[in-house]
Amino acid sequence: MSAPTLEVRNLCTHFFTRAGVVKAVDDVSFTVDRGKVLGLVGESGSGKTVTGFSIMGLVDAPGRIVSGSILFQGKDLATLSEEEMRHLRGNRIAMIFQDPMMTLNPVLRIDTQMIETVLAHEKVSEDEARQRSRDALGMVGIPSPDERLKSYPHQFSGGMRQRVAIAIALLHRPELIVADEPTTALDVTIQGQILAEVQKLCATTGTAMIWITHDLSVVAGLADDIAVMYAGKVVEYGDVGEVLDKPLHPYTHGLIGSVPSRNKRGEPLRQIPGMTPSLLNLPEGCAFRARCPRAQADCVQRPELREWLPARLARCHHPHREEAAAA
Amino acid sequence: MSATDAEIYATRSFTETEVPMIELKGVSRRFAKKLDVAAKLARKLGADVKEEVVHAVDHVDLRVRKGEVVGLVGESGCGKSTLGRIVAGILPQSEGQVLWNGQDVATLPGEAARTAKLRRQMIFQDPYASLNPRMRVADIVGEAPQVHGLIKRGGFDEYVDEQMRRAGLDPAFKRRYPHQFSGGQRQRIGIARALAVQPEFIVCDEAVAALDVSIQAQILNLFMRLRRELDLTYLFISHDLGVVEHLSDRVVIMYLGRVVEEAPTERVFTAANHPYTRSLLDSVPRIGNRKRAFATVKGEIPSPLNPPSGCHFHPRCPLAFDRCKVEVPKLKAVDSLHRSACHLNDRA
Ligand SMILES: Nc1ncnc2c1ncn2[C@@H]1O[C@H](COP(=O)(O)OP(=O)(O)OP(=O)(O)O)[C@@H](O)[C@H]1O
Ligand SMILES: Nc1ncnc2c1ncn2[C@@H]1O[C@H](COP(=O)(O)OP(=O)(O)OP(=O)(O)O)[C@@H](O)[C@H]1O
Ligand code: SF4
Ligand code: SF4
Ligand SMILES: [Mg+2]
Ligand SMILES: [Mg+2]
């Protein structure tokens with residue numbers, strides 16, 4: 001078996017702020033194989049974006065990767081120089097942001113932007129670069145791409161703009177794409193179109209993808225594996241179907257229970273009490289302790305991510321093990 | 001009223017003599033889209049540039065009976081918020097009538113008009129933007145009822161404490177400012193403020209859209225509990241069909257300013273009539289779906305400035321036929337509980 005496209009091991013990215021050290025990403029590990037989609041889920045502030053930025057080498061001061069490794073086809077990205085990283089970015093690894101204007105330049109025509117992107121990394125003729133750009137737009141379902149190439153970003157709807165941003169990410173047929181909530185702001189019918197195209201893409205080109213979202217339903221239909229984050233840590237990791245059907249971690253359990261369609265109509269939703277703790281003063285031991293219905297005395301000891309069942313990991317002293325093991 | 005009572009209630013059709021709590025008759029709202037500088041200049045130079053008009057809400061009929069929760073869904077820009085603001089009495093319609101307990105609010109005398117307005121309150125998506133950052137929570141919650149004489153002399157603190165507790169906030173925090181609260185708590189402040197004037201009808205506009213799932217569940221539960229305790233009626237606006245399905249007795253679906261379908265919730269989710277509703281339901285990702293191909297509706301949502309002729313949905317509709325391009329389909333009864341605006345229903 002060849003090496004996975006990406007292997008993140010014990011990644012820690014901290015922000016050294018005046019108020020204290022924010023452990024935004026604190027011991028995160030996962031693997032993404034060729035052609036597979038990893039869903040990275042968690043609530044606001046759990047560290048999803050910082051994880052994505054760490055992989056892309058985009059973490060700025062006062063933040064930095066303090067430990068761990070990010071192995072891209074076996075090579076540790078955390079040790080690369082800024083110059084080497086820049087070469088990889090937009091070439092072999094690409095990021096799609098929630099706001100497509102993070103990728104697009106508002107004052108340049110789409111063709112100018114796309115052709116420049118191609119030429120920045122490859123020695124091809126301008127004609128060839130234009131052809132590549134056209135193909136990429138077609139691939140994400142933009143009708144009459146020749147005409148569209150001549151437009152400016154403001155002439156597109158939000159959904160179209162996001163497609164263009166995805167097309168730009170695809171220009172070099174990257175081996176890895178980190179997508180940070182790219183459909184969250186879009187309407188469901190447009191989200192559906194983009195998800196369908198993304199799914200097709202990974203299957204046909206072998207691109208590995210990390211899809212960051214807080215929406216479990218999107219991950220359910222799109223991802224192969226899922227990593228659930230809470231307060232900077234991965235608390236559960238495994239096959240998407242297994243995790244969503246038989247969660248091990250009490251937090252995952254609660255999260256799935258909160259989804260309205262999982263509850264009987266009109267009945268109170270199962271809710272997780274309390275709220276996410278501040279990363280600046282996390283409780284000792286398990287960060288979910290104050291909200292956890294299964295908490296016991298030993299939860300003041302920090303739990304490690306542990307394989308409770310084959311290929312099923314959870315960071316918890318008392319996971320829902322029997323339920324998960326049952327057929 | 002218990003949820004089950006309400007459910008039975010919703011599956012009953014409106015009788016001829018029944019007076020809904022709120023009723024809209026042929027309500028429209030148009031907005032003139034102001035010309036930008038370039039367009040104004042072009043017009044000065046003699047170019048044929050017209051001020052564009054958006055039909056944000058286009059001839060909508062809507063009835064909500066006391067105790068009901070009506071869900072209003074549709075994609076961005078279809079006019080949900082505009083309709084909600086008209087229902088709440090904070091935006092005038094361009095055309096049509098708004099009736100409160102059977103009376104046209106435009107013809108109500110001063111005092112009655114004020115009461116009718118106070119009885120209808122709105123809760124917004126972004127609690128932060130709708131809360132004055134320089135006011136303490138106690139004043140945010142207590143100001144309106146004080147002004148309207150709902151608080152007896154010397155009873156301010158007690159009144160505010162009661163409102164806060166009811167919304168799940170600790171009254172000990174009443175001297176704090178909005179920025180000192182989390183998103184979910186801020187939404188609770190918005191709820192406490194709306195309920196403080198003792199409304200009967202609440203328009204919730206994307207009231208949980210900005211919240212994390214676990215916090216969203218807490219707020220949705222609060223809405224349901226308050227409905228029972230205070231006998232409230234809701235118009236619940238959301239683009240999240242899962243939320244609407246969970247909470248509503250009846251669902252109204254809009255597309256580009258028009259209501260295209262209306263039915264009891266169960267019916268909408270199991271036997272939708274309108275092709276747009278069906279496409280919408282197919283597009284919704286569901287947690288039970290695994291590695292499934294996402295269903296797609298073709299095409300973009302058209303600009304409301306220049307909506308397609310006839311049935312607005314025709315360029316995206318898989319079943320469109322000639323008539324759809326030229327004639328606007330009317331919202332007609334499919335049966336006594338269910339209305340839909342599609343020409344296919346005229347084909348036997
Ligand atoms: N530049 C920064 N300085 C200090 N703290 C930061 C900085 N950037 C991020 N953080 C903190 O890191 C934590 C994780 O943030 P991150 O943006 O990764 O969350 P997220 O899971 O992507 O949330 P969301 O769903 O809201 O996008 C947060 O507590 C955030 O406040
Ligand atoms: N004050 C206004 N002036 C001009 N146009 C407006 C105004 N308010 C709304 N519109 C337009 O009316 C249409 C309907 O807007 P509305 O906000 O009601 O939609 P919505 O369904 O609530 O959308 P969303 O889901 O994005 O909140 C849109 O095209 C919008 O641009
Ligand atoms: S370690 Fe303890 S507190 Fe943390 S999730 Fe598991 S049972 Fe709950
Ligand atoms: S009226 Fe025609 S275009 Fe409109 S929904 Fe019905 S079949 Fe489709
Ligand atoms: Mg983020
Ligand atoms: Mg709105």
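Residues numbered from 1 in each chain as written. Chains lettered and ligands numbered in written order. Predicted model: local features only at pLDDT ≥ 70, side-chain atom pairs only at ≥ 80, totals over all residues. Heavy atoms only, no water.

## A few points about the nonpolar core
Formed by 96 residues in total, the largest nonpolar core has its most connected members in Leu6(A), Phe30(A) and Ile210(A). Sequence-distant contacts of Ile210(A), defined by excluding residues within four places in its chain, comprise Leu6(A), Phe30(A), Val32(A), Leu38(A), Leu40(A), Ile55(A), Ile177(A), Val178(A) and Ala179(A). Counting residues in hydrophobic clusters, the runner-up holds 40 residues, among them Leu269(A), Val160(B), Ala167(B) and Leu220(B). (Core = buried A, V, L, I, M, F, W, Y, C linked by side-chain atoms within 4.5 Å. Buried < 20%, exposed > 50% of the residue type's maximum accessible area, 1.4 Å probe, protein only. Contact = heavy atoms within 4.5 Å.)

## Remarks on the interface of chain B and chain A
Listed by partner, the interface residues are 44 residues for chain B and 49 residues for chain A. Taken together, both faces of the contact between chain B and chain A bury some 3800 Å²; the carbon and sulfur share is 56%. Along the contact surface separating chain B from chain A lie one salt bridge. Residue Arg265(A) is joined to Glu266(B) by a salt bridge in which the shortest nitrogen-to-oxygen separation is 3.4 Å. Linking chain B with chain A are 16 residue pairs in polar contact (both at pLDDT 80 or more), by the criterion used here. For the side of chain B that touches chain A, the secondary-structure elements that each account for two or more residues are α1 (3-10), α8 (213-230), α9 (241-247), α10 (265-270) and α11 (275-283) of chain B. No other element matches α8(B), which puts nine residues into the side of chain B that touches chain A. Here the side of chain B that touches chain A is built from residues that sort into 15 nonpolar, 16 polar and 13 charged. (Buried area = accessible area lost by both parts, 1.4 Å probe. Salt bridge = Lys/Arg side-chain N within 4 Å of Asp/Glu carboxyl O. Polar contact = N/O pair within 3.5 Å; in protein donor to acceptor, adjacent residues only side chain to side chain. Helix = DSSP H or I, 4+ residues; strand = E, 2+ residues; numbered from the N terminus. Nonpolar A, V, L, I, M, F, W, Y, C, P; charged D, E, K, R; others polar.)

## What about the site of ligand 4?
Around ligand 4, the structure places His274(B), Pro275(B), Cys311(B), His314(B), Cys317(B), Leu319(B), Ala320(B), Cys324(B), Cys342(B), His343(B) and Leu344(B). A per-class count over the shell around ligand 4 returns eight nonpolar, three polar and no charged. (Near = heavy atom within 4 Å.)

## Focus on the packing of aromatic side chains
Residue and element names in this part refer to chain B. Enumeration over the complete set of coordinates arrives at 11 aromatic pairs over all chains. A centroid spacing of 6.5 Å and a plane angle of 80° characterise the contact between Trp100 and Phe201, whose relative ring orientation is edge-to-face. Highlighted residues: Trp100 in strand β4 (residues 95-100) and Phe201 in strand β7 (residues 201-205), separated in sequence by 101 residues. Neither Trp100 nor Phe201 differs from the other in exposure class; each is buried. A centroid spacing of 5.3 Å and a plane angle of 80° characterise the contact between Tyr255 and Phe313, whose relative ring orientation is edge-to-face. (Phe/Tyr/Trp six-rings, centres within 6.5 Å; stacked < 30°, edge-to-face > 60°.)

## Things to note about the sheet that holds strand β11 (residues 305-309) of chain A
Residue and element names in this part refer to chain A. Pairing is mixed in the open sheet, where eight strands are placed in the order β6-β7-β8-β3-β9-β10-β12-β11. Each having just a single partner strand, β6 (93-96) and β11 make up the two edges of the open sheet. If you compare each strand with its neighbour and ignore which way they point, the axes differ by 20° on average. Bridge count for strand β9 (residues 225-230) against strand β10 (residues 233-239) is six bridges, and the pairing is antiparallel. The partner of Val228 across the bridge, within β10, is Glu236. Across the face of the sheet, helix α7 (residues 188-205) comes into contact with β3 (37-41), β7 (176-180) and β8 (208-213) while running at roughly 155° to β8. (Pairing = 2+ DSSP bridges. Axes fitted to C-alpha atoms, helices over the stretch in contact; angles between N-to-C directions.)

## Describing α11(B)
In terms of burial, α11(B) is largely enclosed, as seven of its nine residues are buried. Within the sequence span of α11(B), burial applies to Pro275(B), Tyr276(B), Thr277(B), Ser279(B), Leu280(B), Leu281(B) and Ser283(B).

## Topic: unusual backbone geometry
With an omega of 10°, the peptide bond between Ala61(A) and Pro62(A) qualifies as cis. Within the secondary structure, Pro62(A) is located in the loop between α1 (48-56) and β4 (63-72). Of note, the phi angle at Ala311(A) is positive, near 60°, even though the residue is not glycine. Turning to its location among the elements, Ala311(A) is positioned in the loop between β11 and β12 (312-315). When its relative accessible area of 51% is taken as the criterion, Ala311(A) is described as exposed. Backbone geometry at Asp231(B) places phi at a positive 55°, although glycine is not the residue there. Note on placement: Asp231(B) falls in the loop between α8 and β8 (233-237).

## Things to note about the pairing of strand β9 (residues 250-255) of chain B
Residues and elements named next belong to chain B. Among the six residues of β9, six are classified as buried, and the element is accordingly described as predominantly covered. What you see with β9 is no split at all: Arg250, Val252 and Met254 on one side and Val251, Ile253 and Tyr255 on the other are buried throughout. Relative to β9, strand β3 (residues 69-73) runs parallel, the two sharing four bridges. Opposite Val73, over in β9, you have Ile253 as the bridge partner. Taken together, β9 and the strand that follows it, strand β10 (residues 258-264), pair antiparallel across an intervening segment of two residues, in which Leu256 is found at a positive phi of about 45°.

## Remarks on empty space enclosed by the protein
Here the idea is plain: a probe the size of a water molecule rolls over the atoms and shows the empty space left. Residue and element names in this part refer to chain B. Considering all chains together, one arrives at six cavities of 30 Å³ or more under this definition. Size it by volume and the second largest cavity reaches roughly 90 Å³. Pro275, Cys311, Cys317, Cys324 and Cys342 are, among the 14 residues lining the second largest cavity, the residues nearest its centre. In terms of residue class, the lining of the second largest cavity is built from 11 nonpolar, three polar and no charged. (1 Å grid on protein atoms, 1.4 Å probe; cavity = no way out; pocket = protein on both sides within 12 Å on 5 of 7 lines; lining within 4 Å. Points joined across faces, edges and corners; volume = space filled by probe spheres on them.)

## Points about the layout of surface pockets
Residues and elements named next belong to chain A. When its volume is computed, the second largest pocket comes out at roughly 430 Å³. Lining the second largest pocket are 20 residues, and of these Gly90, Met95, Phe97, Thr103 and Ile168 sit closest to its centre. Top element by residues in the lining of the second largest pocket is helix α3 (residues 110-121). It accounts for four residues. Looking at the lining of the second largest pocket residue by residue, the classes come out as 13 nonpolar, six polar and one charged.

No statement about biological role is implied by the geometric values presented.
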